[in-house]
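# Commentary on secondary and tertiary structure
Listed below are the residues making up each chain.
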Amino acid sequence: PKPNGDPSAMQMKSYACQRRTPLKHHNSFLTEALEILSQNAEYNDNEGRSVAFRRAASVLKALPHRVKTIEDLRCLPCLGDHSQRVIKEILEDGSSREVESTRQSEQFQTMKALTGIFGVGVRTADRWFREGLRSPDDLIRTGQQLNRAQQAGLQYYDDLQKPVTKAEADVISDIVEKAVHAVLPGAEIQLMGGFRRGKEVGHDVDFLITHPEEGKEEGLMPKITNWLEEQGLLLYQKTTRNSYLEKMDGPARPPNNMDRFERCFSIFKLQKSAVRCKSNSTASVEDVSRGGENERPSEHHSEESGWRAVRVDLVVSPYSQFAFATLGWTGSKLFERELRRWAGQEKHMSLSSHALYDSKQNLYLRAKTEEEIFAYLGLEFIPPSERNA
Ligand code: 8DG
Ligand code: MN
Ligand code: MN
């Protein structure tokens, strides 16, 4: 490492997992623009392009100062011609024509609105767009075939569009803790995702659950969701086994013995009074456990009721995989992606939320903490609050 104080010592590393990326940074005026282009590429099923723009944005998030001139970009990694052109235009003219026309485009706005519905992915949204649909209302109006998730997504659309606050996440944490301990004493629950990285708001609340006695966690999820359902706290839930392996690990998925994560996508019914109580720090979970009043089957408007819908993700991990699961569910998504790319390309290892496999030694590396995993990977430990890549 070069000495501190020397400007050339400020060398930007090229993998996001080698850098510290705080939540608040100095270049939102540029990163928001690049992220529009990234999102648009994703809507057009161009993953390579999408990741390239996201990496470029991420480099700017890690800079300790605001970019003022194009000279400031010299020596920075991950900035392709296209990203540089966009940055240059914003620095010179205050905005980029490509970004602004993308933002205004009917396709972009429609895809944003439709993929914003819980249960709707890019494929489905794109099909609806090509059929002439433009908004959630259009889906209802034209009587589209919807699966159970999408029906819930529409029913609670307004609520789920509203950011979840940390205060709400804390109330949900108390509820999840109570549910888990009711069905499995001694279980451990950890808040994951954006809130673990220090975000003040999120689109959902993520939890990881385990038990120090390996095996005790098996079959836990249905017990948790049954308890929650009995208390009238769940508006929607779908529990899946193995979805992670199928979706994200592709052909290189680890062997069956690790196929054991249970995941639950859910929508909680959160009493607003509980959040107010919690803010006054007089909360009791009893306040939030009354449900059961009759709901209208159609769209829910939380202004008119005492509760709101909140997206919650629950994951159950065996204790032996807990460190990997913790690392894998903390995010950000780009940070995770870069960790796996680093492992594969630089270390000939394969990292997942279950395990770390060393291809050279032909063995799985055990870890009890995130710190150990970073060490195996030859990376400096990056705390969750600096993983906002
Ligand atoms: P937000 O909710 O505030 O918008 O941000 P977030 O908490 O960072 O995003 P998230 O969509 O809730 O995702 C949280 C982390 O969970 C993210 O870093 C990646 C991880 N994650 C998924 N899906 C899957 C999956 O199927 N498997 C694994 N291992 N991780 C996943 O989102
Ligand atoms: Mn989240
Ligand atoms: Mn989530």
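Notes on the structure follow. (Residues numbered from 1 in each chain as written. Chains lettered and ligands numbered in written order. Predicted model: local features only at pLDDT ≥ 70, side-chain atom pairs only at ≥ 80, totals over all residues. Heavy atoms only, no water.)

Residue position: Val312 is located in strand 7 (residues 307–316). A relative accessible area of 0% places Val312 in the buried class. Considered as a pair, Val312 and Ser266 are 46 residues apart in the sequence and their alpha carbons are 5.2 Å apart. Those residues in contact with Val312, other than ones at most four positions away along the chain, are Ile172, Val205, Phe207, Cys264, Phe265, Ser266 and Phe268. (Helix = DSSP H or I, 4+ residues; strand = E, 2+ residues; numbered from the N terminus. Buried < 20%, exposed > 50% of the residue type's maximum accessible area, 1.4 Å probe, protein only. Contact = heavy atoms within 4.5 Å.)

This paragraph deals with the sheet that holds strand 10 (residues 363–365). Read across the open sheet, the 3 strands follow the order 8-9-10; overall the sheet is antiparallel. Bordering the open sheet on either side are strand 8 (349–351) and strand 10, each of which pairs with just one other strand. Adjacent strand axes in the sheet meet at a mean angle of 25 degrees when their direction is disregarded. Bridge count for strand 8 against strand 9 (residues 356–358) is 3 bridges, and the pairing is antiparallel. Bridge pairing in strand 9 places Met349 opposite Asp358. (Pairing = 2+ DSSP bridges. Axes fitted to C-alpha atoms, helices over the stretch in contact; angles between N-to-C directions.)

Bringing the coordination of the manganese ion (ligand 2) into the picture now. With distances of 2.0 to 2.1 Å, the protein atoms coordinating the manganese ion (ligand 2) are Asp204 (OD) and Asp206 (OD). The metal-metal distance between the manganese ion (ligand 2) and the manganese ion (ligand 3) comes to 3.6 Å, with Asp204 coordinating both. Per residue, the accessibility class of Asp204 equals that of Asp206, and both read buried. (Donors = N, O, S within 2.8 Å, 3.2 Å for Na, K, Ca; no water.)

In this section: the packing of aromatic side chains. Under the definition given, this model contains 8 aromatic pairs. Ring centres 6.5 Å apart and planes at 10 degrees place the aromatic pair Tyr319 and Phe322 in the stacked group. For Phe322, a relative accessible area of 13% gives the class buried. By way of ring pairs, the aromatic residues Phe335, Phe374 and Phe381 are connected into one cluster. The cationic tip of Arg66 hangs over the ring face of Phe29; the distance from NZ or CZ to the ring centre is 4.0 Å. Over the face of the ring belonging to Trp307 we find Lys269, whose NZ or CZ atom lies 4.8 Å from the ring centre. (Phe/Tyr/Trp six-rings, centres within 6.5 Å; stacked < 30°, edge-to-face > 60°. Lys NZ or Arg CZ within 6 Å of the ring centre and 35° of its normal.)

The description of two helices packed together rests on the angle between their axes and the distance between the axes. Where helix 2 (residues 47–61) meets helix 16 (residues 333–347), the axes come as close as 11 Å, and the angle between the chain directions of the two elements is 105 degrees. Between helix 2 and helix 16, the crossing angle belongs to the class labelled roughly perpendicular. Contacts between helix 2 and helix 16 involve Glu47, Val51, Arg54, Arg55 and Ser58 on the former and, on the latter, Leu334, Arg337, Glu338 and Arg341. Its residues assigned to classes, the contact of helix 2 with helix 16 shows 2 nonpolar, 1 polar and 6 charged. (Parallel < 35°, antiparallel > 145°, perpendicular 65-115°, else oblique. Nonpolar A, V, L, I, M, F, W, Y, C, P; charged D, E, K, R; others polar.)

Read these as geometric descriptors, not functional statements.
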